[in-house]
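# Chains, contacts and geometry: an overview
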Amino acid sequence: MINNSGDPFHSHELFLNALDFEREVIEFFAPFYGFDRDNLWGIVTFSGTDGNNHGIYFGSKCLENKTHKKPIVYVSDAAHYSNMRLADLQNFELRLIPSDIHGCMIPEEFEKALVPNRPALIIYAMGTTFKGGIDNQDKLNAILAKYPSIVAYRHVDAALFGGYLPYTKYRDVVNRKVHPFDSIAVSGHKFFSMDEPAGIFLTTEDVLKNQNPYQVSYLNGNMPMINCSRSALAPLKLWWLIHHVGEDGFTEQADGMLERAEWLKEKLDAMGWPAGLEPMSNTVYFKRPNEAIVEKYGLAPDYDERLGGELSHIVVMRHVTKEALQGFLDDLENSNGK
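In what follows, the accompanying structure is described. Predicted model only: the values in this text are computed from it and were never measured. Think of each chain on its own: its residues are numbered from 1, step by step along the sequence as written. Under the rules for a predicted model, residues below a pLDDT of 70 receive no local features and side-chain atom pairs below 80 are neither given nor counted, while totals for whole chains, interfaces and linings still include all residues. Note: side-chain values were computed over all heavy atoms of the structure, leaving out hydrogens and water.

On to the pairing of strand E4 (residues 120–125). E4 sits mainly inside the fold: six of its six residues count as buried. Neither face of E4 is exposed, since Ala 120, Ile 122 and Tyr 124 on one face and Leu 121, Ile 123 and Ala 125 on the opposite face are all buried. The pairing of strand E2 (residues 72–76) with E4 spans three bridges and is classified as parallel. Residue pairing across strands places Val 73 opposite Leu 121, the latter belonging to E4. As judged from the six bridges shared by E4 and strand E5 (residues 152–159), these two strands associate in the parallel manner. Across the sheet, residue Ile 123 finds its bridge partner in E5, namely His 155. By convention, a crossover is right-handed whenever its connection, traced from the first strand over the helix to the second and viewed with the strands pointing away, goes clockwise. Only DSSP runs of H or I reaching four residues or more are called helices, and only runs of E reaching two or more are called strands; each is numbered from the N terminus. For the crossover that starts at E4, traverses helix H5 (residues 137–145) and ends in the parallel E5, the hand is right-handed. Burial status follows relative accessibility: with a 1.4 Å probe on protein chains alone, a residue under 20% of its type maximum counts as buried, one over 50% as exposed, and anything between as partly exposed. Two strands make a pair as long as DSSP finds a minimum of two bridges between them.

Below you can see the structure in the form of structure tokens.
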């Protein structure tokens, strides 16, 4: 067994770990999200939820250290449920902001919910779970700018979308130099197709310095992460992907996914089957077909009265070929619209 118990960016005394590989993975991915290697900290996580847990924890400690007040967590009602669960787990007041028909946080509702005398921990959804909506960071940041007394921390829940967006023409949306944020969580088992739940959490040295110091003698260092033991195999798998697929391979895969998602949406439009595809998204959502089709393709359910009621979606990943999609379209057409 190998165990990454320790900080990949500082000294450690234990053997049988992959901390050097973990640091190399973090340093490879960091520039794609606008992080400078001389102001960087991160770890390979157990999942996107683990990354969000660190984002909320690091953000809250940073804000409490600066303001001596406990922050309020703001997130849209279309964001991944883990954010709501984690706010509850960490005992924070949560303001759930209504989302629009596209699954994006409504800026005007965000402004209504803001509490001027409390720090704000905002979670931006970078591809909501069902519709693939992306919160408009420019509009939300403009609202925060109207309230200079509010000290804010911005965490991006990028999960699936954070994996492929850096390798597309939409890369700026996850670049903190273009759209400022303080931390980001990206899944490893979604776009990168790892065979186990994993991910990466990235933040800055400035944020790290505002964490509670826990000096651990047997690890010869300060341990800022929530977990002690972490997988040492996940960093090795990500390291392998970096060296065997790399930026060019990720770019080809990302472009292919988006192209096939647009193709599916066009085919559904041509059939007259109600469907939606948000900008930058590989997730096509549509009126739910009959149960036989739902069961055959394992389609997830959702409901939105604004879009006619019952919905399903298809997340067009690397393995979802046009041939597979055409089979679904043929079944849909043969169902006579039922």
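One way to put it is that helix H2 (residues 48–67) packs onto helix H3 (residues 81–89) with a least axis distance of 10 Å and a crossing angle of 45°. Overall, the two elements H2 and H3 adopt an arrangement that is oblique. Pair H2 / H3 crosses with right-handed handedness. Between H2 and H3, the contacting residues are Thr 49, Asn 52, Asn 53 and Ile 56 on the first element and Ser 82, Asn 83, Leu 86, Ala 87 and Leu 89 on the second. All axes are obtained by fitting lines to C-alpha atoms, using only the stretch in contact for helices, and the reported angles, taken between N-to-C directions, cover 0 to 180 degrees. Should an angle lie under 35 degrees it is considered roughly parallel, over 145 roughly antiparallel, and from 65 to 115 roughly perpendicular; all remaining angles are considered oblique. Crossing chirality is assigned from the near helix's rotation relative to the far helix, an anticlockwise turn below a right angle marking it left-handed and a clockwise turn marking it right-handed. It only takes one pair of heavy atoms within 4.5 Å for two residues to be counted as in contact.

On to the nonpolar core. Inside soluble globular proteins, nonpolar side chains tend to come together where they are buried. Phe 29, Tyr 33, Tyr 74, Phe 110, Ile 200, Leu 264 and Phe 328 are the most contacted members of the largest nonpolar core, which has 96 residues in total. Counting residues per element, this core draws most heavily on helix H9 (residues 246–271), at eight residues. The term nonpolar core refers to a set of buried residues drawn from Ala, Val, Leu, Ile, Met, Phe, Trp, Tyr and Cys, joined through side-chain atoms within 4.5 Å.

So, on to the pairing of strand E12 (residues 301–304). One ladder, built from four bridges, connects E12 with strand E13 (residues 309–315); its direction is antiparallel. Within E13, the residue paired with Pro 301 across the bridge is Ser 312. Hairpin remark: E12 followed by E13, antiparallel, with four residues in the connecting loop; positive phi at Gly 308, about 95°.

Criterion for a salt bridge: a side-chain nitrogen of Lys or Arg within 4 Å of a carboxyl oxygen of Asp or Glu. Tallied over the full model, the rule gives 15 salt bridges. Arg 95 is paired through a salt bridge with Glu 93; the nearest N and O atoms lie 3.0 Å apart. Using a relative accessible area of 26% as the deciding quantity, one classes Arg 95 as partly exposed. Its relative accessible area of 33% is what places Glu 93 among the partly exposed residues. Lys 237 is paired through a salt bridge with Glu 196; the nearest N and O atoms lie 3.1 Å apart. You can see Lys 237 sitting in helix H8 (residues 233–244) and its partner Glu 196 sitting in the loop between strand E6 (183–187) and strand E7 (199–203), a full 41 residues away along the chain. Where salt bridges share partners, they join Glu 93, Arg 95 and Arg 118 into one cluster.

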